[in-house]
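Chains, contacts and geometry: an overview
Each chain is listed here by its residues.
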Amino acid sequence: MKKILPILSLSVIISTACAQALDLSTAITKSDNALQAATTQTAGFLQPGDAESGDVMIKTLHEKWITIHETRSAFKPKQNIRRDEAAKMLTLAVPYLKWWMKFESTNKSCSFSDSDKAWSDLVGILKESCEKWLFKWSNWKFNPQNSITNGQILTVLWRMLYGMQDESIGHYATKYATLLEKDWYLENLSIPFSVRDQPAERWTLAKLLIRVIE
(Lines give C-alpha, C1' and ligand atoms only; values in the text may rest on other atoms or scores of the structure.)
Protein backbone atom coordinates (compact mmCIF):
# COMPACT_ATOMS: atom_id res chain seq x y z
CA MET A 1 0.00 0.00 0.00
CA LYS A 2 1.21 3.53 -0.69
CA LYS A 3 2.35 5.81 2.09
CA ILE A 4 0.63 9.17 2.24
CA LEU A 5 2.79 12.13 1.25
CA PRO A 6 2.73 15.04 3.70
CA ILE A 7 2.35 17.72 1.02
CA LEU A 8 -0.35 20.38 1.02
CA SER A 9 -0.28 23.52 -1.09
CA LEU A 10 -0.94 26.89 0.49
CA SER A 11 -3.88 27.45 -1.83
CA VAL A 12 -5.45 24.17 -0.74
CA ILE A 13 -4.96 25.10 2.91
CA ILE A 14 -6.57 28.47 2.29
CA SER A 15 -9.55 26.81 0.60
CA THR A 16 -9.80 24.38 3.50
CA ALA A 17 -9.72 27.20 5.98
CA CYS A 18 -12.64 28.87 4.22
CA ALA A 19 -14.62 25.65 4.07
CA GLN A 20 -14.11 25.02 7.77
CA ALA A 21 -14.66 28.63 8.83
CA LEU A 22 -11.28 28.54 10.61
CA ASP A 23 -8.55 31.15 10.64
CA LEU A 24 -5.56 30.35 8.45
CA SER A 25 -3.17 29.65 11.32
CA THR A 26 -5.53 27.10 12.88
CA ALA A 27 -6.16 25.44 9.51
CA ILE A 28 -2.44 25.09 8.83
CA THR A 29 -1.83 23.57 12.26
CA LYS A 30 -4.69 21.09 11.94
CA SER A 31 -3.67 20.13 8.39
CA ASP A 32 -0.04 19.62 9.38
CA ASN A 33 -1.05 17.49 12.36
CA ALA A 34 -3.32 15.33 10.20
CA LEU A 35 -0.67 14.80 7.54
CA GLN A 36 2.13 14.12 10.04
CA ALA A 37 -0.02 11.50 11.74
CA ALA A 38 -0.80 9.94 8.38
CA THR A 39 2.87 9.52 7.50
CA THR A 40 3.46 7.32 10.54
CA GLN A 41 1.31 4.58 9.08
CA THR A 42 0.40 3.22 5.70
CA ALA A 43 -3.00 3.43 4.11
CA GLY A 44 -3.29 -0.28 4.92
CA PHE A 45 -4.24 0.41 8.53
CA LEU A 46 -7.77 -0.37 7.38
CA GLN A 47 -8.52 -4.00 6.79
CA PRO A 48 -9.69 -5.08 3.31
CA GLY A 49 -13.27 -3.97 2.86
CA ASP A 50 -13.27 -1.72 5.92
CA ALA A 51 -12.16 1.37 4.01
CA GLU A 52 -15.33 1.29 1.94
CA SER A 53 -17.75 0.53 4.74
CA GLY A 54 -19.97 3.27 6.05
CA ASP A 55 -18.63 5.59 8.69
CA VAL A 56 -15.06 4.28 8.38
CA MET A 57 -14.75 5.54 4.83
CA ILE A 58 -16.18 8.98 5.59
CA LYS A 59 -14.06 9.27 8.73
CA THR A 60 -10.96 8.52 6.67
CA LEU A 61 -11.83 11.27 4.18
CA HIS A 62 -12.61 13.61 7.06
CA GLU A 63 -9.26 12.99 8.72
CA LYS A 64 -7.59 13.92 5.44
CA TRP A 65 -9.65 17.14 5.26
CA ILE A 66 -11.37 16.00 2.05
CA THR A 67 -14.82 16.30 3.63
CA ILE A 68 -16.09 18.22 6.65
CA HIS A 69 -18.45 15.35 7.52
CA GLU A 70 -17.52 12.61 9.97
CA THR A 71 -20.26 10.01 9.45
CA ARG A 72 -21.98 8.42 6.49
CA SER A 73 -25.39 9.81 7.45
CA ALA A 74 -24.04 13.36 7.76
CA PHE A 75 -22.36 12.95 4.36
CA LYS A 76 -25.78 12.20 2.78
CA PRO A 77 -24.38 9.51 0.48
CA LYS A 78 -27.42 9.08 -1.76
CA GLN A 79 -27.73 12.74 -2.71
CA ASN A 80 -26.26 14.27 -5.86
CA ILE A 81 -23.19 16.44 -5.49
CA ARG A 82 -22.62 19.84 -7.07
CA ARG A 83 -19.65 20.41 -9.37
CA ASP A 84 -18.08 22.96 -7.02
CA GLU A 85 -18.42 20.58 -4.06
CA ALA A 86 -16.95 17.71 -6.08
CA ALA A 87 -14.11 19.96 -7.27
CA LYS A 88 -13.25 20.68 -3.66
CA MET A 89 -13.07 17.00 -2.66
CA LEU A 90 -11.13 15.96 -5.76
CA THR A 91 -8.65 18.82 -5.52
CA LEU A 92 -8.03 18.29 -1.81
CA ALA A 93 -7.24 14.63 -2.56
CA VAL A 94 -4.39 15.53 -4.93
CA PRO A 95 -1.66 15.88 -2.24
CA TYR A 96 -2.30 12.27 -1.20
CA LEU A 97 -1.51 10.89 -4.65
CA LYS A 98 1.86 9.28 -5.29
CA TRP A 99 2.46 11.39 -8.39
CA TRP A 100 1.20 14.69 -6.97
CA MET A 101 4.08 16.66 -8.53
CA LYS A 102 2.56 16.35 -11.99
CA PHE A 103 -0.25 18.64 -10.84
CA GLU A 104 1.64 21.90 -10.52
CA SER A 105 -0.61 24.82 -11.34
CA THR A 106 0.41 25.39 -14.96
CA ASN A 107 -2.94 26.20 -16.57
CA LYS A 108 -3.29 29.97 -16.41
CA SER A 109 -6.49 30.27 -18.47
CA CYS A 110 -8.78 29.68 -15.52
CA SER A 111 -11.31 32.47 -15.29
CA PHE A 112 -15.02 31.70 -15.18
CA SER A 113 -17.95 33.95 -15.96
CA ASP A 114 -20.23 32.12 -13.52
CA SER A 115 -18.04 31.94 -10.40
CA ASP A 116 -20.76 33.88 -8.57
CA LYS A 117 -22.96 30.77 -8.78
CA ALA A 118 -20.50 28.75 -6.69
CA TRP A 119 -20.65 28.57 -2.91
CA SER A 120 -18.71 31.61 -1.75
CA ASP A 121 -16.08 29.55 0.10
CA LEU A 122 -15.40 27.39 -2.96
CA VAL A 123 -14.68 30.06 -5.59
CA GLY A 124 -10.92 29.64 -5.07
CA ILE A 125 -11.09 25.87 -5.43
CA LEU A 126 -12.71 26.21 -8.88
CA LYS A 127 -9.65 28.07 -10.11
CA GLU A 128 -7.24 25.64 -8.47
CA SER A 129 -8.99 22.57 -9.90
CA CYS A 130 -8.70 24.14 -13.36
CA GLU A 131 -5.06 25.17 -12.90
CA LYS A 132 -4.24 21.57 -12.02
CA TRP A 133 -5.95 20.44 -15.25
CA LEU A 134 -8.56 18.42 -13.36
CA PHE A 135 -11.61 20.39 -14.49
CA LYS A 136 -12.15 22.24 -17.75
CA TRP A 137 -14.68 24.87 -18.73
CA SER A 138 -17.36 25.15 -21.38
CA ASN A 139 -17.75 28.59 -22.96
CA TRP A 140 -15.81 29.96 -19.98
CA LYS A 141 -18.37 28.54 -17.57
CA PHE A 142 -17.65 26.10 -14.76
CA ASN A 143 -21.34 25.45 -14.03
CA PRO A 144 -20.57 25.06 -10.31
CA GLN A 145 -24.21 24.73 -9.28
CA ASN A 146 -24.88 21.78 -11.60
CA SER A 147 -24.70 18.20 -10.36
CA ILE A 148 -21.50 16.47 -11.43
CA THR A 149 -22.13 13.39 -13.56
CA ASN A 150 -20.68 9.90 -13.26
CA GLY A 151 -18.78 10.43 -16.51
CA GLN A 152 -17.28 13.69 -15.29
CA ILE A 153 -16.07 12.07 -12.07
CA LEU A 154 -14.44 9.21 -13.99
CA THR A 155 -12.77 11.72 -16.29
CA VAL A 156 -11.38 13.90 -13.47
CA LEU A 157 -10.31 10.83 -11.54
CA TRP A 158 -8.19 9.58 -14.42
CA ARG A 159 -6.74 13.04 -15.01
CA MET A 160 -5.72 13.04 -11.33
CA LEU A 161 -3.96 9.71 -11.66
CA TYR A 162 -2.40 9.81 -15.10
CA GLY A 163 -3.20 13.03 -16.93
CA MET A 164 -5.40 13.77 -19.91
CA GLN A 165 -6.26 11.43 -22.77
CA ASP A 166 -7.70 12.23 -26.20
CA GLU A 167 -11.35 13.10 -25.49
CA SER A 168 -12.36 13.95 -29.06
CA ILE A 169 -13.66 10.55 -30.18
CA GLY A 170 -16.98 9.17 -28.92
CA HIS A 171 -18.14 9.86 -25.38
CA TYR A 172 -15.43 11.80 -23.55
CA ALA A 173 -15.50 9.44 -20.55
CA THR A 174 -15.30 6.14 -22.44
CA LYS A 175 -11.53 5.90 -22.63
CA TYR A 176 -11.14 6.98 -19.02
CA ALA A 177 -13.68 4.45 -17.79
CA THR A 178 -11.99 1.66 -19.74
CA LEU A 179 -8.59 2.49 -18.29
CA LEU A 180 -9.94 2.79 -14.74
CA GLU A 181 -11.61 -0.59 -15.08
CA LYS A 182 -8.33 -2.06 -16.30
CA ASP A 183 -6.59 -0.76 -13.18
CA TRP A 184 -9.36 -2.14 -10.91
CA TYR A 185 -10.55 1.22 -9.62
CA LEU A 186 -14.11 0.39 -10.67
CA GLU A 187 -14.18 -3.12 -9.22
CA ASN A 188 -17.61 -3.93 -7.74
CA LEU A 189 -18.75 -0.40 -8.56
CA SER A 190 -21.27 -0.46 -11.37
CA ILE A 191 -21.15 2.65 -13.56
CA PRO A 192 -22.48 1.43 -16.91
CA PHE A 193 -22.38 3.62 -20.01
CA SER A 194 -26.12 4.29 -19.67
CA VAL A 195 -25.63 6.31 -16.46
CA ARG A 196 -22.46 8.22 -17.33
CA ASP A 197 -24.40 11.39 -18.13
CA GLN A 198 -26.58 11.09 -15.03
CA PRO A 199 -25.84 12.92 -11.75
CA ALA A 200 -23.42 11.03 -9.54
CA GLU A 201 -24.25 10.13 -5.97
CA ARG A 202 -22.03 11.53 -3.26
CA TRP A 203 -21.28 7.95 -2.20
CA THR A 204 -19.83 7.14 -5.62
CA LEU A 205 -17.36 10.00 -5.37
CA ALA A 206 -16.38 9.10 -1.81
CA LYS A 207 -15.81 5.45 -2.65
CA LEU A 208 -13.67 6.27 -5.68
CA LEU A 209 -11.60 8.78 -3.72
CA ILE A 210 -10.85 6.19 -1.05
CA ARG A 211 -9.53 3.86 -3.72
CA VAL A 212 -7.40 6.58 -5.30
CA ILE A 213 -5.74 7.94 -2.17
CA GLU A 214 -4.92 4.44 -0.95
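Here, the structure is the one placed above.
Cut-offs applied
- By convention here, each chain's residues receive numbers from 1 onward along its written sequence.
- Only residues with pLDDT of at least 70 are given local features in this predicted model, and only at 80 or more are side-chain atom pairs given and counted; all residues enter the totals for whole chains, interfaces and linings.
- Remark: hydrogens and water are excluded; side-chain values derive from all non-hydrogen atoms of the structure.
- Cysteine sulfur pairs qualify as disulfides if the two atoms are within 2.5 Å.
- Per the convention used, a helix needs a DSSP run of H or I reaching at least four residues, while a strand needs a run of E reaching at least two, with both numbered from the N terminus.
- Three labels apply to residues, based on accessible area from a 1.4 Å probe with only protein chains included: buried if under 20% of the type maximum, exposed if over 50%, partly exposed otherwise in between.
- Here, the arc refers to the directions that run from the helix axis to the C-beta atoms.
- Contacts were defined at the residue level, with two residues in contact if any of their heavy atoms lie within 4.5 Å.

Turning to the state of the cysteines, a few remarks are in order. Going through the model one piece at a time under the given rule, you end up with one disulfide. In this model, C110 is linked to C130 through a disulfide, with the two sulfur atoms separated by 2.1 Å. Handedness of the C110-C130 disulfide follows from its S-S torsion of about -80 degrees: it is left-handed. Linking C110 in the loop between α5 (83-93) and α6 (123-131) with C130 in helix α6, this pair joins segments that are 20 residues apart in sequence. Of the two residues, C110 and C130, both sit in the buried class.

Looking at the element boundaries, K132 is found in the loop between α6 and α7 (150-162). For the pair K132 and R159, spaced 27 residues apart in sequence, the C-alpha to C-alpha distance is 9.4 Å.

This part covers helix α8 (residues 174-182). Of the residues making up α8, those classed as buried are Y176, A177 and L180. The buried residues of α8 occupy an angular sector of 95 degrees when the element is viewed end-on, so they sit on one face. The secondary structure elements touched by the buried residues of α8 are α7.

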